[in-house]
Structures are given as structure tokens and as C-alpha cells.
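Fold and contact review
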Amino acid sequence: MKRERYEIDPRPPALGGGWQLRLIGRDEETGEEVHMGGGVIPAAEGEDDKDAYAELLEVGDDWLAVGSEA
């Protein structure tokens, strides 16, 4: 699988708020996009939402960087 991109989306308040990271790759045989993993940072009381978003940006960028080295 080739690492292609990532998405960071806000989570609904009913699910605890915060952000969800989706790591998306591409199947080299079919060319189709494939969900390869991800994670969630729920909203924490007193925590800056921008910090949580920045943390997921770093995780996504690191994931892409490692894939380009392979």
C-alpha cells in the first residue's frame, strides 16, 4: 500500500467532540483508496482544541514522511 494522504475531521459533540484522523493509502494493484488507520483525540475540558488538532497534523505528516522513505 502506498501512503497517499490523511484527513482530520471534527467529531460531533455527541461523540465527545475533538478530532478524528484518517490515514489513507492507495492499493498499488487496484488503485483504490484504502483506510489504513487513524485515531481520535476527544475534546478535553480545559484543553486548547488547536493543540489537539496540531498533534494530529504532526502524526499525519510523520506517517506520510515514513511512507516516502520506504
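These figures come from a predicted structure and were not determined experimentally.

Conventions adopted
- Residues numbered from 1 in each chain as written.
- Predicted model: local features only at pLDDT ≥ 70, side-chain atom pairs only at ≥ 80, totals over all residues.
- Heavy atoms only, no water.
- Phe/Tyr/Trp six-rings, centres within 6.5 Å; stacked < 30°, edge-to-face > 60°.
- Helix = DSSP H or I, 4+ residues; strand = E, 2+ residues; numbered from the N terminus.
- Buried < 20%, exposed > 50% of the residue type's maximum accessible area, 1.4 Å probe, protein only.
- pLDDT = per-residue confidence, 0-100.
- Salt bridge = Lys/Arg side-chain N within 4 Å of Asp/Glu carboxyl O.

**A few points about the packing of aromatic side chains**
For the structure shown, the criterion picks out one aromatic pair. With centroids separated by 4.7 Å and ring planes inclined at 65°, the aromatic side chains of W19 and Y53 adopt a geometry described as edge-to-face. A residue pair is termed long-range when its members are at least 10 positions apart, and W19 in strand β2 (residues 19-26) and Y53 in helix α1 (residues 49-69) qualify at 34 residues. Look at Y53 and you get partly exposed, because its relative accessible area is 29%.

**A look at the confidence of the model for the protein chain**
Summing up the model confidence of the protein chain, the mean pLDDT is 89 and the portion of residues at 70 or higher is 91%. Considering each helix and strand of the protein chain separately, the mean pLDDT is smallest for α1, with a value of 89, and largest for β2, with 96.

**Quick word on the pattern of salt bridges**
Scanning the entire structure with this criterion turns up six salt bridges. As a salt-bridge pair, E4 and K2 come within 3.8 Å of each other at their nearest N and O atoms. Here E4 falls in the partly exposed class, since its relative accessible area comes to 30%. As a salt-bridge pair, R22 and D9 come within 2.6 Å of each other at their nearest N and O atoms. Of this pair, R22 sits in strand β2 while D9 sits in strand β1 (residues 2-10); the two residues are 13 residues apart in sequence, bridging distant segments of the chain.

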